[in-house]
Every structure is written in C-alpha cells, then in structure tokens.
There are 2 protein chains.
Amino acid sequence: MNKIPKTVSRRLSLYQRCLKNLILQGKKNISSKELAEKLGFKSSQVRKDLSYFGAFGKRGVGYDTNYLLKMIERILGVNKSWSVVVIGAGNLGHALINYEILKKNGFYIVGIFDIDPKKIGKKIGELTIINMKDFKEFVKKSKVEIAVIAVPPSSAQQVADTIVESGIKGIVNFSPVIINVPQGIIVEEIDISIPFKNLTFKLTSNGFRGA
Amino acid sequence: MNKIPKTVSRRLSLYQRCLKNLILQGKKNISSKELAEKLGFKSSQVRKDLSYFGAFGKRGVGYDTNYLLKMIERILGVNKSWSVVVIGAGNLGHALINYEILKKNGFYIVGIFDIDPKKIGKKIGELTIINMKDFKEFVKKSKVEIAVIAVPPSSAQQVADTIVESGIKGIVNFSPVIINVPQGIIVEEIDISIPFKNLTFKLTSNGFRGA
C-alpha cells in the first residue's frame, strides 16, 4: 500500500460515512462519478484518493461498496477498537458518552474524570465519574489510547499537561483554545463554532443576508 | 472585494481563532510566515488566502492583527449576531446552550425545542424548552436564521423537513445521518466521530500502533 497523504484522511471519513449509508440502502456497487456527486467532490479526486490504497473501480460496475468500506476503515484505524477517556463531566462530557456514533466507530469511552467533588462518584450510564487525581493510575491500568478534553478553556492546558504525563499520545480537544503539547503527541481540535461560521459565510455570500 | 472561493471559508475560521489568540497575547502584527507556522499551512497559502480579501502584509512588519481579524469576521458573517434555535433538548442540546464560544462568535440561541412532554416547559439556563409543535410559529415571530439538529438519527430527516417548512435557510446538523433538503437550503454537517478518526489515522500511520 502506498503512503497516504494526511490531507486525504479528512476525506476518508466522508467516504466511510457515505459508503455506510449506501450499504444500508442496499447498494452493492458505486461509480466514482456517483460517489463524487454524493460528496460534492470531483470524480477525478475520488479516483485519485481511492487509488492511494490500491482500490480501482471496474469499468461499468464501479467499486464494491463493502470492500471499499472495509479498506477505508482499516486505513482509518477504525476496524479496531480504541480506549478513550473524557476529562470534564459537564454537558459535553455527558453528550459524548451518549453519542452512539463513537461506539459504532470503535471508540469506547472507558472512563470520565472531573475535579468537582459534587460530580465525582456519580454515575453516567455505566460509568462512574472519577477524581482527576487518579487519572494517571487509571490510564496505566486501562491502557487508554485517546483522551478527550471537555473542560472549560481556562483548565484546558493544565489538563493537556496531565494527559501528556500519563503517556497518552492522542488528544481530541473540544475546548476552544489551542493547547501546547510536546512533539510526538497528536492533537485534533474541534471548534463547535466552525460549522456555524461556515454556514454564515455561505448564507452571507449567497445573498440571503446583506454583507 | 474579490469573490472568495468557498474552500477558503474553512481556513478563515482557523485564521480567526488564531488571530484572536494572538491579540489576547498582545501581538499587534504578524508575518505570513509566522501565521503559517502557527496553523500548519504554507506561507504562500496564507498570502494567497489573505489576498482574496485585499489584505496585503507590509514588508518587515506583516499584517495588523486587529485589522485582519475584523476583515475576516466581516467575511465570515460573525461581525453580526445570528438567531439560532436548537432542536433536541438532550445532552448535546444542553452542551450547545452552555457553549460560550457560540455566543462569543455572535450565535445566540434563542429557543430550544423537544417533543418529549417530560422536557417541555423545563428550563435550561434562561431558556424554556418549547414544544416542537410550536416551532414554526416561534421561528416566524423571532426571525430565526439558523436551526441546529441535535436529535437522534431516526428523527433527523423529519426535523429537517419542519425546519425547511419554517423558512429557515441554514442548518447545522449534529445528527450522524445525511439529510435531504431542497436547493437553496444550506446544511453544515458535524460528525463528532471525524476528529477521532483523523486522530487514529495519524496515530496508526505514525507507528504508535501497528496497522
């Protein structure tokens, strides 16, 4: 398999989601043209992306949706399961634990942490909120691979430092600040306001509202 | 001002966030090189993006951070305020209402809706959960511009149909299904699992875990 450029990874998740929907609809094959239309990409882009991992559609038949999905999931690392912890047991932490799509994609939340004595010991579904003091011990014992920062911005850097000290290499940051981590640690940032801004950019430039 | 390609809009949000942080740190000017390094872009990309809206850095001085931020916010449509409603008063709905960053960017949640009689009438902060039955009337009265879908996947399409009927043109969809809307309606989809997949893709391809 050729080395896949990291820029492709964002599109892979979109291919994955689209293929899952197609399979649910009973679709066994799809052409690059159809796939491109569904995703708003160019056909040439789709063919190029898929060729990176050796998938070539058959003329007149297209790609086998099940096979393509399996390949993409292997590349995305979602054909395995991953142990995830969430730091911050607020509404966002609660929402993440109940977000079925994480489990469906192999991301299992195995622990949730907080520093608030009123929250520690309380249950969310099958999980009990754990004292942040016990974080490093838990990570070591439970072989956690991913930590999610779901705390207010003012605590995000401190939490990130603790995560790094624990030996976890992957962080998903929901806090709207940029955190500093040493080399070798990978951070994915989610800013909930970004889709809203994309939307208003499009609404404004489409003339629905004066600029 | 030249027409800005839509592909640039995603990056604009990142520029905006970065500039806000820089201004908080007291930085008055920044070169395209520094900005590029902070964001992981190429300098040439930054210069190209910024030139779209007529911003040119001064040699040896760079860009005025405050001016640049204001221009970007005007283009993103976040220099005005937008009226937003949330459909679905679960954990995600609660999290969104408490997410300060939306307010900071001019997105004001003015109503939250549910169909669950146990939830209707309850308070979240200053908002009272409203019966979905009264949605269209509320939208008309309150001049709502953006609707957020925060319901389970099985109800997402039905909710989307109601939103479209209400006359709202912009939808942010947190439900992990693709919704169908007529032309002229703009949908931004957020799939919470995507940053997790991006992360595991990078963790796997960096050799932290065998592929």
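Scroll up to find the structure this text is about.
Residues numbered from 1 in each chain as written. Chains lettered and ligands numbered in written order. Predicted model: local features only at pLDDT ≥ 70, side-chain atom pairs only at ≥ 80, totals over all residues. Heavy atoms only, no water.

Caption draft 1: The packing of aromatic side chains, seen in detail. Residues and elements named next belong to chain A. All chains considered together, the criterion is met by eight aromatic pairs over all chains. Summarising the aromatic geometry, the rings of Phe 113 and Phe 135 are spaced 5.0 Å apart at their centres and angled 80° between planes, so their arrangement reads as edge-to-face. You can see Phe 113 sitting in strand E4 (residues 107–114) and its partner Phe 135 sitting in helix H7 (residues 135–142), a full 22 residues away along the chain. By relative accessible area, which is 0% here, Phe 135 ends up buried. (Phe/Tyr/Trp six-rings, centres within 6.5 Å; stacked < 30°, edge-to-face > 60°. Helix = DSSP H or I, 4+ residues; strand = E, 2+ residues; numbered from the N terminus. Buried < 20%, exposed > 50% of the residue type's maximum accessible area, 1.4 Å probe, protein only.)

Caption draft 2: Fine view of the relation of the copies chain A and chain B. Relative to chain B, chain A is turned by 180° and slid 0.0 Å along the rotation axis, the superposed coordinates differing by an RMSD of 0.0 Å. Look at the turn and shift together and you get a two-fold axis relating the two. If distances are taken from each C-alpha of chain A to the rotation axis, the shortest is found for A:Asn91, at 2.8 Å. The residues that chain A uses at the interface reappear at the interface of chain B in 100% of cases, marking a shared surface. (Least-squares fit on C-alpha atoms with pLDDT ≥ 70 in both. Contact = heavy atoms within 4.5 Å.)

Caption draft 3: The arrangement of the pattern of salt bridges in detail. Going through the model one piece at a time under the given rule, you end up with 20 salt bridges over all chains. With a shortest N-O distance of 2.6 Å, B:Lys136 and B:Glu165 are connected by a salt bridge. In this pair, B:Lys136 is assigned in helix H7 (residues 135–142) and B:Glu165 in helix H8 (residues 153–166), connecting sequence segments 29 residues apart. Several salt bridges share partner residues, and in doing so they unite A:Arg17, B:Glu189 and B:Asp191 into one network. (Salt bridge = Lys/Arg side-chain N within 4 Å of Asp/Glu carboxyl O.)

Caption draft 4: Here's a closer look at the sheet that holds strand E8 (residues 170–173) of chain B. Residue and element names in this part refer to chain B. Taken in spatial order, the seven strands line up as E5-E6-E4-E3-E7-E8-E9 in an open sheet, and their pairing is mixed. Looking at strand neighbours, the two that pair on one side only are strand E5 (123–124) and strand E9 (186–189), the edges of this open sheet. Here strand E3 (residues 82–87) runs beside strand E7 (residues 146–149); their pairing, made up of four bridges, is parallel. If you follow Ile 87 over to E7, its bridge partner there is Ile 149. (Pairing = 2+ DSSP bridges.)

Caption draft 5: Inspection of the pairing of strand E4 (residues 107–114) of chain B at higher detail. Residue and element names in this part refer to chain B. The buried fraction of E4 is high, at six of eight residues. Relative to E4, E3 runs parallel, the two sharing six bridges. When the bridges of E4 are listed, Trp 82 appears paired with Phe 107. Summarising the sheet, E4 and strand E6 (residues 127–131) pair through three bridges and their orientation is parallel. Across the sheet, the residue bridging to Phe 113 is Ile 130, located in E6.

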